[in-house]
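Working through the structure, step by step
So you can see what is in the structure, the chains are spelled out below.
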Amino acid sequence: MSQQPEPTDNLAQIIGRDLISVGRIPMVLLVLVLISAMGVVLITHHSRQLIAQQEQLLIERDQLDIEWRNQILEESSLAEHSRIERLAEQEMEMQRPSRDSEIIVK
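Scope of this entry: the structure provided in the associated data block. (Residues numbered from 1 in each chain as written. Predicted model: local features only at pLDDT ≥ 70, side-chain atom pairs only at ≥ 80, totals over all residues. Heavy atoms only, no water.)

Concerning a nonpolar patch on the surface
On the surface, Leu 11, Ile 15, Leu 19, Ile 25, Met 27, Val 28, Leu 29, Leu 30, Val 31, Leu 32, Leu 34 and Ile 35 cluster together into a nonpolar patch covering about 1,100 Å² of accessible area. Elements with a contribution of two residues or more to the nonpolar patch: helix 1 (11-21) and helix 2 (24-78). No other element matches the nine residues that helix 2 contributes to the nonpolar patch. Relative to the helices and strands, Val 31 is located in helix 2. (Patch = residues over 30% accessible without salt bridge, like charges linked within 9 Å, V, L, I, M, F, W, Y side chains within 5 Å. Areas by Shrake-Rupley, 256 points an atom, 1.4 Å probe, with all protein chains shown as cover. Salt bridge = Lys/Arg side-chain N within 4 Å of Asp/Glu carboxyl O. Helix = DSSP H or I, 4+ residues; strand = E, 2+ residues; numbered from the N terminus.)

Put into structure tokens, the structure is as follows:
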């Protein structure tokens, strides 16, 4: 019933013959387990890359938010009435009209 190994067979041939005849299911399961393990490793690696990218984007968002707030502050300080009036008087030599030089149009 079972094959008796020939004296000239080496151990690798005996193991190979046993794997082909008796160990098909364990061999298929072993291959499936290895494929599953590689899938887990790849998905874990991809997830870690995405988490690192997300952290980088959050840092960039915070920096842009800070820059935006600074721009808003700068805009409000540049548009301040007292600054505009001072620049008009000093640099453009403009003066506020007196009551006598005002003309009211109806």
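Here the narrative resumes.
A short note on unusual backbone geometry
The phi dihedral of Glu 93 falls on the positive side, at around 55 degrees, and the residue is not glycine. In this structure, Glu 93 sits in the segment after helix 3 (81-90).

With respect to the pattern of salt bridges
Enumeration over the complete set of coordinates arrives at two salt bridges. Note that Asp 62 and Arg 61 form a salt bridge whose closest N and O atoms lie 3.7 Å from each other. With a shortest N-O distance of 3.3 Å, Asp 65 and Arg 69 are connected by a salt bridge. Placement of both Asp 65 and Arg 69 in helix 2 is noted, with a separation of four residues, approximately one turn of the helix. We classify Asp 65 as partly exposed; its relative accessible area is 31%. (Buried < 20%, exposed > 50% of the residue type's maximum accessible area, 1.4 Å probe, protein only.)

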